[in-house]
Amino acid sequence: MIWRIRSKTRSIITTMASLRPSSVKLSPFSAITNSFTGFHRNWLSLRAEKLGRVDNAWLRLSPSLKEKSVLRLDAWIISAGHAQELKSFKIQNMSISDGRVDFYDKMKQRFLSFKKHKYMGEVEHFKTLAEVQSPKFMVIACVDSRVCPSNILGFQPGEAFMVRNVANLVPPLENGPTETNAAVEFAVKTLQVQNIFVIGHSCCAGIQMLMTMQDDENPSLIEKWVGNAKVAKLRTKEDANHLSFDQQCKHCEKESINCSLLNLLTYPWIEERVRKGTLSLLGGYYDFLSCTFEIWTLDFKESNDVSHGSKLSVKDRVFWC
């Protein structure tokens, strides 16, 4: 019985291969199945050449029966003896699809190297971290893939509580709750961090959008977000309007950091700690074109006016190159 079914299926495959261009219209289900499992478009035709000649009985079937037979064929291909063949096609497709398999293998090797050389070498430290964290820094950085604070500044596990967003912005308290200020609240109130470090960078796409966007009744999500730095844009237009667009963007990248530092003072529980000297607010700027880093600290005595339009006073500015 099984031999008869398989023989009939071979006949159907053979006939489909020869008739598909003119007489037989493949079902949508069949096309989807072949597409998702990685088969070549002419797979059925290639298969037919191996299986033999056309069964004339197939020609006498009505179009509706032919289409139903195609559906049964799809099911048979998947369920009866071709699982290994489909698996090999999937693996082949994965290996050539934009190098993902190779990258996963690299990540695996990196993790195993981390475990062997880092984790096992400091196993007691990591066991302690598993129980509690007490970072001294909170870092607010950009989501840009080229700007990883741990990579640039060497933060080790447990040293920095980190949040990353488009253009490393901190919205003022009046703008309402966001993921960023929720993280800031946790870092300050629960973890008792001693420093909040806002890090910007060169060639920031978020700042470039801020500098070019126009007032729109239906702004995008990104435009709404970078609008938190509109004060930095206005100040840049006032102070650097004579410069080129790229230079204006660089000016705004730094100005937006200062605006975020001032915005942090709109949160009473931050302002109180800064006033007492138990919390420092720092700005940093990483230029990956020249691989330099600037860092400065907010001077609260000169910057305690956080009204819109106020300017930041800084101290302890240093330049690493």
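Everything discussed here concerns the structure shown above.
Here the structure is a predicted model, which is why all the values come from computation and not from measurement.

Draft legend 1. How the structure looks around the pattern of salt bridges. Applying the stated rule across the entire model yields nine salt bridges. Among the salt bridges present, the one from Arg275 reaches Glu271, with a minimum N-O distance of 2.2 Å. Taken together, the residues span about one helical turn, with Arg275 and Glu271 both in helix H15 (residues 268-276) at a distance of four residues. Arg275 sits in the exposed class, given a relative accessible area of 55%. Three or more residues joined by partner-sharing salt bridges are found here, namely Lys254, Glu294 and Arg317.

Draft legend 2. Spatial organisation of the nonpolar core. Of all hydrophobic cores here, the largest spans 29 residues; its most connected members are Met138, Val184, Ile196, Leu264, Ile270 and Leu281. Setting aside residues no more than four positions away along its own chain, Ile270 makes contact with Val184, Val188, Ile196, Leu264, Leu279 and Leu281. Formed by 15 residues, the second largest nonpolar core is a distinct cluster that contains Cys142, Ile207, Met213 and Cys252.

Draft legend 3. Structural context of the packing of aromatic side chains. Scanning the entire structure with this criterion turns up nine aromatic pairs. Ring geometry for Phe137 and Phe197: centres 6.3 Å apart, planes at 50°, overall tilted. Here Phe137 is found in strand E1 (residues 137-142), whereas its partner Phe197 is found in strand E3 (residues 195-201), with 60 residues between them in sequence. Residue classification places Phe137 among the partly exposed positions, given a relative accessible area of 25%. Exposure remark for Phe197: the relative accessible area of 4% places this residue in the buried category. An aromatic cluster is built from Phe137, Phe155, Phe197, Phe293 and Trp320, whose rings are joined through pairwise contacts. The residue whose ring lies beneath Lys254 is Tyr285, and the NZ or CZ to ring-centre distance is 5.0 Å. The residue whose ring lies beneath Arg317 is Trp296, and the NZ or CZ to ring-centre distance is 4.7 Å.

The rules behind each value
Residues numbered from 1 in each chain as written. Predicted model: local features only at pLDDT ≥ 70, side-chain atom pairs only at ≥ 80, totals over all residues. Heavy atoms only, no water. Salt bridge = Lys/Arg side-chain N within 4 Å of Asp/Glu carboxyl O. Helix = DSSP H or I, 4+ residues; strand = E, 2+ residues; numbered from the N terminus. Buried < 20%, exposed > 50% of the residue type's maximum accessible area, 1.4 Å probe, protein only. Core = buried A, V, L, I, M, F, W, Y, C linked by side-chain atoms within 4.5 Å. Contact = heavy atoms within 4.5 Å. Phe/Tyr/Trp six-rings, centres within 6.5 Å; stacked < 30°, edge-to-face > 60°. Lys NZ or Arg CZ within 6 Å of the ring centre and 35° of its normal.

On their own, these measurements won't tell you what the molecule is for.
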